[in-house]
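Coordinate inspection notes
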Amino acid sequence: MKEGLLSYIINLFKVLFTKGLVIIIGFLNSIIIARCLGVEGQGQYALAMTIYSVGFQFINMGLHSAHTYYLAKDPNKISVVFGNSIGITCVSFVLCMIINYIFALGKFEVGLPYEALCISFYLIPCYLYYYLQYQTLLVMDKILVLSVLDIIIVLFPFIGNLLLYIGGIESILAVLGLLLCSYLIVDIFGLVYILGIHVKPKISIKFYCKCIKLGIVVSLACFLGYLVLRVDIFMIQAMLGGEDTGIYSLAANLVEIVNTFAATCTMVMFPKATAIQDKELRYKFTTRILKIISFCMIVILVVGEVLSGYLIPLVYGESFVATVKVFRILLIGIIFWGLAGIPISYYTTEKRYGISFVSYAVAFLLNVVLNFWWIPKYGVIGAAFTSVISYFIVLVMTLAYYIKKK
């Protein structure tokens, strides 16, 4: 187990080094987008990002977890994993074209220009393939390649958005278009790389069905979990309008950047823990990681609470000063959420998804109910407190079950 923990720590530091650069560039990019689009434009951008992210969660069907699980158990499945990743991406592209056509005929109003909605739909298959190939390369320990992909995915839109800002161009279409182009670039890069190491794609319906059986429950749990994170955006847009959505969405985006640390720890942990055959050793391995991450997240919480009041108005402008309170509240919640990811990932290594699904379902329903009550009464602050309560519920339920199963 010591060797497994050492290998985990080495890989984690490699990935975190890149993620640190990604966070810095992503943070700077968020500043440019906010200043370029303004409060209401920021709200539209958040809505577009939420649409494509929810679409990804729905179409993904837990394949990333299933692929990672089976590939960690048997590296010889790389060709089938690679081929099925390409296949499901092509299918999802066709589905998004159909959905896009339906929206064009129905002329549905979702708070976005139709062209921006189109880009949101086409981001789904592009991000799907990026995520599937990312997980595959992670299991293969291709950390350097992952680093290149990570940097491209944030550097390209950052440079583009900077040029838009300098040129005084305020266009949600241009911002989303740059993101779409960045995903296309890394998808092609990753595809060429995997083909270059002599991995021939093979499509297997049998393996796909096997993955779906494993992934469908994971998918439902992840989908509910993501809705807990993002349902506030839809409800604030519907109840309060674009300006409040912009205020809240910036805070939500910032705490998600903070959560990158915990998410990376969980992502690197999963294949390592899956490869440990002994259940007791796997539990001890996970527990050690949980303790390390808990300490780090507490430090992040303190730093974030202290510095946010100075940094957010300074870098984003006085029009986003209301974001500070929302961020400070949501930061507490995202710490709960990030820590809950460790035991949830552990359950996945043992194909036990019940507690994840139940905890997400309870948190989601509670979030929606409280939002209907608190958003009209307390505005975005009410939505932030609702999220904190929901995240705390997930943490308590997953940790209680985890400790019980010791």
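Residues numbered from 1 in each chain as written. Predicted model: local features only at pLDDT ≥ 70, side-chain atom pairs only at ≥ 80, totals over all residues. Heavy atoms only, no water.

Our focus in this paragraph is unusual backbone geometry. With a phi close to 65°, H198 is a non-glycine residue in the positive phi region. Structurally, the position occupied by H198 is in the loop between α6 (172-196) and α7 (205-239). (Helix = DSSP H or I, 4+ residues; strand = E, 2+ residues; numbered from the N terminus.)

As a further point, take a nonpolar patch on the surface. On the surface, F295, I298, V299, V302, V303, V306, L307, Y310, L311 and L314 cluster together to form a nonpolar patch covering roughly 990 Å² of accessible area. Tracing the sequence through the fold places V302 in helix α10 (residues 279-316). (Patch = residues over 30% accessible without salt bridge, like charges linked within 9 Å, V, L, I, M, F, W, Y side chains within 5 Å. Areas by Shrake-Rupley, 256 points an atom, 1.4 Å probe, with all protein chains shown as cover. Salt bridge = Lys/Arg side-chain N within 4 Å of Asp/Glu carboxyl O.)

Applying the stated criterion across every chain, the model contains 0 disulfides. Left without a disulfide partner, C96 is nearest to the cysteine sulfur of C126, which lies 9.0 Å away. Given the relative accessible area of 1%, C96 is considered buried. Cysteine C181 remains unbridged, with the sulfur of C126 as its closest cysteine sulfur at 9.3 Å. (Disulfide = S-S within 2.5 Å. Buried < 20%, exposed > 50% of the residue type's maximum accessible area, 1.4 Å probe, protein only.)

Taking 1.5 Å per residue, 26 residues should reach 38 Å; helix α4 (residues 114-139) reaches 39 Å between its end C-alpha atoms and fits that length. Of all the bends found along α4, the most pronounced is centred on L123 and spans about 25°, while P125, a proline, follows it within four residues. Counting buried positions over the 26 residues of α4 gives 22, a clear majority of the element. Following α4 by one or two positions, D141 adopts a phi angle in the positive range, close to 65°. (Expected span 1.5 Å × (residues − 1). Bend = angle between axes of the 7 residues up to and from the residue.)

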